[in-house]
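Structural overview for review
Each chain, letter by letter, is given below.
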Amino acid sequence: KGIITHDKFFIVLSLVSILGFIGIVSETIFNYSLTPYIESIWLLIIGVGLIYETKFSALISLKNGLNQENFPIVVTEVIGLIAFLSGTFSFPPIKISTPGFLAIKGIVSIIEIVIIFIQTWISKE
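Going along each chain's sequence as written, the residues are numbered from 1 onward. With the structure being a predicted model, the display of local features is reserved for residues of pLDDT at least 70 and the display and counting of side-chain atom pairs for 80 or more, all residues being used for whole-chain, interface and lining totals. With hydrogens and water set aside, each side-chain value is computed from the structure's full complement of heavy atoms.

**Considerations on the overall build of the protein**
For the protein, the helix and strand inventory stands at 4 helices and 0 strands. Put simply, DSSP marks the helices as runs of H or I at least four residues long and the strands as runs of E at least two long, and each gets a number from the N terminus on. For the protein, the succession of helices and strands along the chain, N to C, is α-α-α-α. Think of it in three bands: with a 1.4 Å probe and only protein chains considered, a residue is buried below 20% of the maximum accessible area for its type, exposed above 50%, and partly exposed in between. Among the 125 residues that make up the protein, the fraction classed as buried is 27%. Should any heavy atoms of two residues lie within 4.5 Å, those residues are considered in contact. For the protein, restricting intrachain contacts to residue pairs at least 6 apart in sequence, the fraction spanning at least 24 positions comes to 69%. Working note: accessible area of the protein is about 8200 Å², and carbon and sulfur atoms make up 71% of it. Values of accessible area rely on a 1.4 Å probe in the Shrake-Rupley scheme; residue burial ignores everything except the protein chains shown.

Okay, here's the thing in structure tokens:
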């Protein structure tokens, strides 16, 4: 059982891909860059997806302390929460940019690439 094991997260990744294509269409056809909004929205979607994927109620098991089963849940929840906050604070009207928020964009992007690669070419389900 890994950190991300359900199809729900792949729906989230699909939404992020669609947002990317919307940004490309906006720039190429209408010559208008939606990139700041797209990045904010995809971080919000990924953050909610990560939080939802780990079943926030599973954190109740932390009463017994950290162990091998709930440690990945805690890490995924923290990354999801930071991604959500990063998306919220990176909306152009708010635009709070910190190195931590930029780092979480990179971390989340790497996680997405690995998951898409595994699901597309390695998984034999």
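Still more ground to cover, so stick around.
**Overview of the packing of helix H2 (residues 35-53) against helix H3 (residues 71-89)**
To get an axis, fit a line to the C-alpha atoms, keeping to the stretch in contact for a helix; angles then go from 0 to 180 degrees between the N-to-C directions. With their axes 7 Å apart at the nearest point, H2 and H3 run at an angle of 155 degrees to one another. Overall, the two elements H2 and H3 adopt an arrangement that is roughly antiparallel. Handedness of the crossing formed by H2 with H3: left-handed. Of the residues in H3, those in contact with Ser40, Leu43, Leu44, Gly47, Val48, Leu50 and Ile51 of H2 are Thr76, Glu77, Ile79, Gly80, Leu81, Ala83, Phe84, Ser86, Gly87 and Thr88. Each residue receives one of three labels: charged for Asp, Glu, Lys and Arg, nonpolar for Ala, Val, Leu, Ile, Met, Phe, Trp, Tyr, Cys and Pro, and polar for the others, Gly being one of them. Partitioned by chemical class, the residues of the contact of H2 with H3 number 9 nonpolar, 7 polar and 1 charged. Just so you know how the angles are binned, under 35 degrees is roughly parallel, over 145 roughly antiparallel, 65 to 115 roughly perpendicular, and the rest oblique. A clockwise turn of the near helix away from the far one marks a right-handed crossing, whereas an anticlockwise turn of less than a right angle marks a left-handed crossing.

**Here we look at the packing of H2 against helix H4 (residues 99-122)**
Their axes nearest at 11 Å, the elements H2 and H4 cross at an angle of 65 degrees. In this structure, H2 meets H4 at a crossing whose hand is left-handed. Between H2 and H4, the residues in contact are Glu39, Trp42, Leu43 and Ile46 and Lys105, Val108, Ser109 and Glu112, respectively. Taken together, the residues of the contact of H2 with H4 break down into 4 nonpolar, 1 polar and 3 charged.

**Describing the nonpolar core**
Residues belong to one nonpolar core when they are buried, are Ala, Val, Leu, Ile, Met, Phe, Trp, Tyr or Cys, and are joined through side-chain atoms within 4.5 Å. Phe9, Leu13, Trp42, Ile46 and Val108 are the most contacted members of the largest nonpolar core, which has 16 residues in total. Counting residues per element, this core draws most heavily on helix H1 (residues 7-30), which supplies 6 residues. Excluding its chain neighbours within four sequence positions, the residues that come into contact with Leu13 are Ile46, Glu112, Ile115 and Ile116.

**Things to note about H3**
Count 3.6 residues to each turn of an α-helix, and residues three or four apart come out pointing the same way. Here the expected length of a helix is defined as 1.5 Å per residue gap, with one fewer gap than residues. With 19 residues, H3 should reach 27 Å at 1.5 Å per residue; the first-to-last C-alpha distance of 27 Å fits that figure. The inward-facing, buried residues of H3 abut H2 and H4.

**Examining H2**
With 19 residues, H2 should cover 27 Å at 1.5 Å per step; its first-to-last C-alpha distance of 26 Å lies within 8% of that length. Among the residues of H2, those classed as buried are Ile38, Ser40, Trp42, Leu43, Leu44, Ile46, Gly47, Gly49, Leu50 and Glu53. Immediately beyond the C-terminal end of H2, within one or two residues, lies Lys55, with a positive phi of roughly 55 degrees.

**Regarding unusual backbone geometry**
The phi torsion at Asn31 lies on the positive side, around 55 degrees, for a residue other than glycine. Checked against the element boundaries, Asn31 lands in the loop between H1 and H2. Here Asn31 falls in the exposed class, since its relative accessible area comes to 71%. With a phi close to 40 degrees, Lys95 is a non-glycine residue in the positive phi region. Looking at where Lys95 falls in the secondary structure, it is placed in the loop between H3 and H4. You can call Lys95 partly exposed: its relative accessible area is 47%.

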